[in-house]
Amino acid sequence: AGATTLTNATITAGTFPAGHVLQVVRKVDVSNTITTASTHTTTVWEADGDDLHISVTAGNMVCAWVGGGQLNTETAVSQYETWIRFSENSASANQDFWLTAHIGGNFSPDLYHPMQTISASCIAAHTGEMLIKRGVRNSNSGNATVWASDGSSYGKVNYIAMEIQQ
C-alpha cells in the first residue's frame with residue numbers, strides 16, 4: 001500500500017498512539033545564575049524568563065533534561081541539591097523533583113563541581129502552558145549555593161523537554 005497523506009483535518013481529528021512523542025522543545029544558552037539565600041529550607045528556582053515553556057495536554061507525560069553550568073558552595077562543608085520543577089496552571093500546581101546531592105565547601109582552593117545533566121518526568125495535570133525550572137537548595141543554614149551559568153568560565157545551562165502521548 002502507498003503512503004498516507006496527513007492533512008490538518010486528519011491531524012486535528014486523529015489520536016496518536018500511546019508513547020508517541022508529540023513535541024520536543026529546547027532552550028539553550030541560559031546565562032542566568034541562581035543562588036540560594038542563607039535559609040537552607042528554601043529551594044531557589046529559575047526566573048520565569050530563563051526557564052523552558054511548553055504547551056501540554058492534561059494526562060500526557062512530560063520529560064525534561066537540564067544540564068550545564070557549574071555548582072558550588074564555598075563557605076562551609078555542606079550538602080547541596082539540584083531540583084526540577086514542572087509548574088502548571090499559573091504556578092498553582094507544581095510538581096518538584098529532588099534529583100542529586102553533592103558535598104562541597106570550605107576548601108582551599110574552592111571546590112567546584114561540573115554540572116551533569118539531570119532529568120525528571122511527570123504527568124501533566126492541566127492543559128496549557130507548563131514552565132520547567134531548575135532549582136538549587138543547600139542543606140546547611142547560613143551558606144549559599146550557586147548554580148552558575150555564564151558561558152565563559154562555567155558553561156551555559158541548557159533545557160530540553162518532550163511531551164509524550166499517554
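Rules of the game
Residues numbered from 1 in each chain as written. Predicted model: local features only at pLDDT ≥ 70, side-chain atom pairs only at ≥ 80, totals over all residues. Heavy atoms only, no water. Helix = DSSP H or I, 4+ residues; strand = E, 2+ residues; numbered from the N terminus. Buried < 20%, exposed > 50% of the residue type's maximum accessible area, 1.4 Å probe, protein only. Contact = heavy atoms within 4.5 Å. Areas by Shrake-Rupley, 256 points an atom, 1.4 Å probe, with all protein chains shown as cover. Phe/Tyr/Trp six-rings, centres within 6.5 Å; stacked < 30°, edge-to-face > 60°. Salt bridge = Lys/Arg side-chain N within 4 Å of Asp/Glu carboxyl O. 1 Å grid on protein atoms, 1.4 Å probe; cavity = no way out; pocket = protein on both sides within 12 Å on 5 of 7 lines; lining within 4 Å. Points joined across faces, edges and corners; volume = space filled by probe spheres on them. Nonpolar A, V, L, I, M, F, W, Y, C, P; charged D, E, K, R; others polar. Pairing = 2+ DSSP bridges. Core = buried A, V, L, I, M, F, W, Y, C linked by side-chain atoms within 4.5 Å. Polar contact = N/O pair within 3.5 Å; in protein donor to acceptor, adjacent residues only side chain to side chain.

Trainee: Whenever I open this one, the overall build of the chain confuses me. Can you help?
Mentor: Secondary structure summary: the chain contains one helix and 13 strands in total. With 166 residues in all, the chain has 39% of them scored as buried. Sequence separation of at least 24 residues holds for 79% of the intrachain contacts in the chain that already meet a minimum separation of 6. Taken as a whole, the chain presents about 8,400 Å² of accessible surface, with 52% of it coming from carbon and sulfur.

Trainee: What should I look at first to understand the packing of aromatic side chains in this one?
Mentor: What characterises a pair of aromatic rings is the spacing of the ring centres plus the angle enclosed by the ring planes. Evaluation of the coordinates by the stated rule reveals three aromatic pairs. Ring centres of W83 and W98 lie 6.2 Å apart, and the angle between their planes is 15°; this geometry places the pair in the stacked category. One end of the pair, W83, is in strand β7 (residues 78-88); the other, W98, is in strand β8 (residues 93-104), with 15 residues separating them in the sequence. The class for W83 is buried, based on a relative accessible area of 11%. Linked through ring pairs, W45, W83 and W98 together constitute an aromatic cluster.

Trainee: Even after reading the chapter, I still don't get unusual backbone geometry, so can you show me in this structure?
Mentor: Backbone phi values are negative for most residues with the exception of glycine, while trans is the configuration of most peptide bonds. The backbone phi angle of D29 is positive, close to 60°, even though this residue is not glycine. Looking at D29, the relative accessible area reads 46%, which means it is partly exposed.

Trainee: Got a minute to help me understand the pattern of salt bridges in this structure?
Mentor: In the structure shown here, the tally under the stated rule is five salt bridges. R134 is the partner of E46 in a salt bridge, and the nearest nitrogen-oxygen pair spans 2.4 Å. Taken as a pair, E46 in the loop between β3 (44-45) and β4 (52-56) and R134 in strand β11 (residues 128-138) lie far apart in primary sequence, 88 residues in all. Each member of the pair E46 and R134 is classed as buried. Salt bridges sharing common partners tie together D48, D51 and K133.

Trainee: Just checking my understanding: could you explain the layout of surface pockets for this structure?
Mentor: The method is simple in principle: a probe with the dimensions of a water molecule rolls over the atoms, and the space it marks as empty is what remains. For the largest pocket, the calculated volume is near 150 Å³. E88, N89, S90, A91 and E129 are the residues nearest the centre of the largest pocket, which is lined by 14 residues in total. Elements with a contribution of two residues or more to the lining of the largest pocket: β7 and β11. Ranked by residues supplied to the lining of the largest pocket, first place goes to β11 with five residues. Of the residues in the lining of the largest pocket, the class split is four nonpolar, six polar and four charged.

Trainee: Teacher, can you tell me more about the pairing of strand β5 (residues 61-67) here?
Mentor: A regular strand carries its side chains on alternate faces of the sheet. Taking burial as the measure, the seven residues of β5 include five buried ones, the bulk of the element. In this structure, β5 lies alongside strand β10 (residues 118-123), joined through six bridges in antiparallel fashion. Paired with V62 across the bridge in β10 is C122.

Trainee: How should the nonpolar core be read in this particular structure?
Mentor: One finds V62, F86, M130 and I132 to be the most contacted residues of the largest nonpolar core, which totals 23 residues. Sorting the residues of this core by element identifies β4, β5, β7, β10, β11 and β13 (157-164) as the ones contributing at least two each. Setting aside residues up to four positions removed in sequence, V62 forms contacts with V56, F86, A120, S121, C122, A124, M130, I132 and M162.

Trainee: How do you make sense of the side chain of T43 when you look at a structure like this?
Mentor: As for its placement among the helices and strands, T43 is situated in the loop between β2 (34-35) and β3. T43 sits in the buried class, given a relative accessible area of 12%. Here the side chain of T43 touches R137 through a polar contact of 2.8 Å, side chain to side chain. Apart from residues no more than four positions distant in its own chain, T43 is found in contact with W83, G135, V136 and R137.

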